[in-house]
Amino acid sequence: PNESLATVVLSKGARPEPLPSGPAPLVALMKRCWAQKVGDRPVFSEIALELEKLPRGGGARRDVDNDIAKKRGSLERKKEELAREREEIERARRQMEEEQRMRADSFKRRGQEEQRRLDEERRKLEAWKEDADLAREKKEKELEELRREAEQDRAKAQKLVEEAQKKRREVPPPSAPPPKPAPREVPSPPKPPTSSKPPTSSKLVMKCTGTLTG
């Protein structure tokens, strides 16, 4: 019941039962039309000729004509359904292909962007490495220059020390300073002689006058 009519007919060879009251030529024609191989089936022009040969009139012919009309209508409907299904399948296929193409383009763009980013990172890393190498070489040169200057300064200092030691050995020790002369004593002035006689009156008057004058 879950299988379609086309699947049952094509894969399992299922066929409808012919009308029991139908004439033998019609039953034979129906079986030829239902043949498994396509080459064994009659074309429509041959079918029309075979139908023209059948006797006309009677209820059996009407039943056959009605059955043929029904079958033809059912086949037309099935044909239309198959056409719609084919269109839907084709539409789904085109949509799937479009989605796959868009997805592939998206993956491709993302891969290209990621590759560009990786290339940019690699270029930055190489530039940084080059700058680091140049900086290291510069520092090594500066350190080498400082080392040479330190060696030169140490050699100069060593030379100065040796020269100072040599001069110290060549200079004689200093002699003792001469003794300082003793300070000279200055003689005090002689004292005037004192007289035991008292001064005379005239000398006393002159002395008093001079004292007053002064």
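Being a predicted model, the structure only gives us computed values, none of them experimental.

Comments concerning the overall build of the protein
Next up, step 1: Along its length, the protein carries five helices and zero strands.
Next up, step 2: Taken from N to C terminus, the helices and strands of the protein fall in the order α-α-α-α-α.
Next up, step 3: Counting over 214 residues, the protein shows a buried share of 6%.
Next up, step 4: Sequence-distant contacts in the protein: of pairs separated by 6 or more residues, those separated by 24 or more amount to 30%.
Next up, step 5: Counting every atom, the protein has about 20,100 Å² of accessible surface; 58% of that belongs to carbon and sulfur.

A closer look at the pattern of salt bridges
Next up, step 1: Here the structure, examined in full by the defined rule, presents 16 salt bridges.
Next up, step 2: With a shortest N-O distance of 2.3 Å, Glu-98 and Arg-101 are connected by a salt bridge. Here Arg-101 and Glu-98 lie together in helix α4 (residues 58-170), a separation of three residues that amounts to about one turn.
Next up, step 3: Under the relative-accessibility criterion, Arg-101 is labelled partly exposed at 41%.
Next up, step 4: Arg-101 serves as the salt-bridge partner of Asp-105, at 3.1 Å between the closest nitrogen and oxygen. Within this pair, Asp-105 and its partner Arg-101 are both found in helix α4, separated by four residues, close to a single helical turn.
Next up, step 5: Overall, Asp-105 belongs to the partly exposed group, its relative accessible area being 27%.

As for helix α2 (residues 24-33)
Note on helix geometry: an α-helix contains 3.6 residues per turn, so any two residues three or four positions apart are oriented the same way.
Next up, step 1: Buried within α2 are the following residues: Leu-26, Val-27, Leu-29 and Met-30. Angular distribution of buried residues about the axis of α2 spans 160 degrees; they occupy a single face of the element. In this structure, α2 carries Ala-24 and Lys-31 as exposed residues pointing more than 90 degrees from its buried face.

As for the packing of α2 against helix α3 (residues 44-53)
Next up, step 1: Remark: α2 packs on α3, axes separated minimally by 10 Å, with the N-to-C direction vectors making an angle of 170 degrees. Judged by the angle between their axes, α2 and α3 are roughly antiparallel. From α2, Leu-26, Leu-29, Arg-32 and Cys-33 reach across to α3, where they touch Glu-46, Ile-47, Glu-50 and Leu-51.
Next up, step 2: Each residue belonging to the contact of α2 with α3 can be placed in one class, and the counts come to five nonpolar, no polar and three charged.

Section: the confidence of the model for the protein
Next up, step 1: Looking at the protein as a whole, its pLDDT mean stands at 78, while 71% of the residues score no less than 70.
Next up, step 2: When pLDDT is averaged over each element of the protein, α4 comes out on top at 88 and helix α5 (residues 201-213) at the bottom at 52.

Notes on the environment of Glu-97
Next up, step 1: Within the fold, Glu-97 resides in helix α4.
Next up, step 2: Judged by relative accessible area, Glu-97 falls into the partly exposed class, the value being 40%.
Next up, step 3: Among the polar contacts listed, one links the side chain of Glu-97 to the side chain of Arg-93, at a separation of 2.5 Å.

Conventions and cut-offs
- Within each chain, residues carry numbers counting from 1 in the order of the written sequence.
- Predicted model: local features are reported for residues with pLDDT of at least 70 only, side-chain atom pairs are reported and counted for 80 or more only, and whole-chain, interface and lining totals are derived from all residues.
- Side-chain descriptors were evaluated using all non-hydrogen atoms of the structure, hydrogens and water having been removed beforehand.
- Segments assigned H or I by DSSP are reported as helices when at least four residues long, segments assigned E as strands when at least two residues long, and all are numbered from the N terminus.
- The classification of residues rests on relative accessible area computed with a 1.4 Å probe and restricted to protein chains. Under 20% of the type maximum is buried, over 50% is exposed, and intermediate values are partly exposed.
- Contacts: residue pairs with any heavy atoms within 4.5 Å of one another.
- All accessible-area figures derive from a Shrake-Rupley calculation using a 1.4 Å probe, and residue coverage is judged against the displayed protein chains alone.
- Note on definitions: salt bridges are taken to be side-chain nitrogens of Lys or Arg within 4 Å of carboxyl oxygens of Asp or Glu.
- This arc is built from the directions going out from the helix axis to the C-beta atoms.
- Each axis is a line fitted through C-alpha atoms, taken for helices only over the stretch in contact, and angles between the N-to-C directions span 0 to 180 degrees.
- When an angle is under 35 degrees it counts as roughly parallel; over 145 it counts as roughly antiparallel; between 65 and 115 it counts as roughly perpendicular; any other value is oblique.
- In this classification, the charged set is Asp, Glu, Lys and Arg, the nonpolar set is Ala, Val, Leu, Ile, Met, Phe, Trp, Tyr, Cys and Pro, and all remaining amino acids, among them Gly, are polar.
- pLDDT runs from 0 to 100 and stands for how confident the predictor is about each residue.
- A 3.5 Å cut-off defines polar contacts: any pair of N or O atoms within that distance qualifies, except that in protein one atom must be a possible hydrogen donor and the other a possible acceptor, and neighbouring residues in sequence count only when both atoms are side-chain atoms.

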